[in-house]
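A structural walkthrough
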Amino acid sequence: MRFFGTTWVRHDGGYGLRRVAVAAGSLAAAVAGCLVLRFAYQGLETARVGGFVNLLVIVTFAVCSAIAFRKTWEGFSRRSVDPAREESLRSLRMIGFIGALLAYSFRSLTEAPGEKLRRGEYEAAVARYEKRRGARTGNPAARKKPKRK
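Since the structure is predicted, the reported quantities are computational estimates derived from the model, not experimental observations.

**Some thoughts on the side chain of Ser-108**
Inspection of the secondary structure puts Ser-108 in helix α6 (residues 97-108). With sequence-adjacent residues up to four places away left out, Ser-108 is seen in contact with Arg-19, Val-22, Ala-23 and Pro-113.

So, in structure tokens, the structure goes:
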């Protein structure tokens, strides 16, 4: 919701254009990240570290990217029940940043990332407000006082 402000509430203020820009930007960042990883892999080949290390690097980034994609995608639809676990996965998400960027890009094609979750919370808050507001009887100072006998 970082790039959308409050435009996600009514889908106004260039909401569609922002979604396209966020999808393209995160996809471009993922491609740039892949290029950086390719240069790092070429550095490993130049250093001749061996086939095992090359395979280990590839598998590590692939697994971390898959986990980061899944956790990022799940984060768009529900809040985490265990913040400590999410904190422990922070480094794994940083290694698998390409997966997180791809999840962000794909989600931007259908909605603002996290919009469904925030919309549910927003509508529940509005309903609670309306319920509280409807229960009020007005200004207590303006009420007519009963006559004393």
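**What about the pattern of salt bridges?**
Applying the stated rule across the entire model yields 4 salt bridges. Linking Glu-74 and Lys-71 is a salt bridge whose minimum nitrogen-to-oxygen distance equals 3.9 Å. In this pair, Glu-74 and Lys-71 both sit in helix α3 (residues 51-75), 3 residues apart, roughly one turn of the helix. Given the relative accessible area of 11%, Lys-71 is considered buried. Of the charged contacts, one joins Arg-107 and Glu-111 as a salt bridge, the two residues approaching to 3.4 Å between their closest N and O atoms. Glu-111 sits in the buried class, given a relative accessible area of 14%. Ionic contacts of the salt-bridge type, sharing partners, join the residues Arg-70, Lys-71 and Glu-74 into one network.

**A short note on the environment of Ala-29**
Within the secondary structure, Ala-29 is located in helix α2 (residues 15-47). The spacing of Ala-29 and Leu-101 is 72 residues in sequence and 7.2 Å in space, taken between C-alpha atoms.

**Overview of the environment of Gly-120**
Examined against the element boundaries, Gly-120 turns out to sit in helix α7 (residues 115-135). Exposure remark for Gly-120: the relative accessible area of 38% places this residue in the partly exposed category. The sequence separation of Gly-120 and Ser-77 amounts to 43 residues, and the corresponding C-alpha distance is 9.9 Å.

Reading the values: rules and limits
Residues numbered from 1 in each chain as written. Predicted model: local features only at pLDDT ≥ 70, side-chain atom pairs only at ≥ 80, totals over all residues. Heavy atoms only, no water. Helix = DSSP H or I, 4+ residues; strand = E, 2+ residues; numbered from the N terminus. Contact = heavy atoms within 4.5 Å. Salt bridge = Lys/Arg side-chain N within 4 Å of Asp/Glu carboxyl O. Buried < 20%, exposed > 50% of the residue type's maximum accessible area, 1.4 Å probe, protein only.

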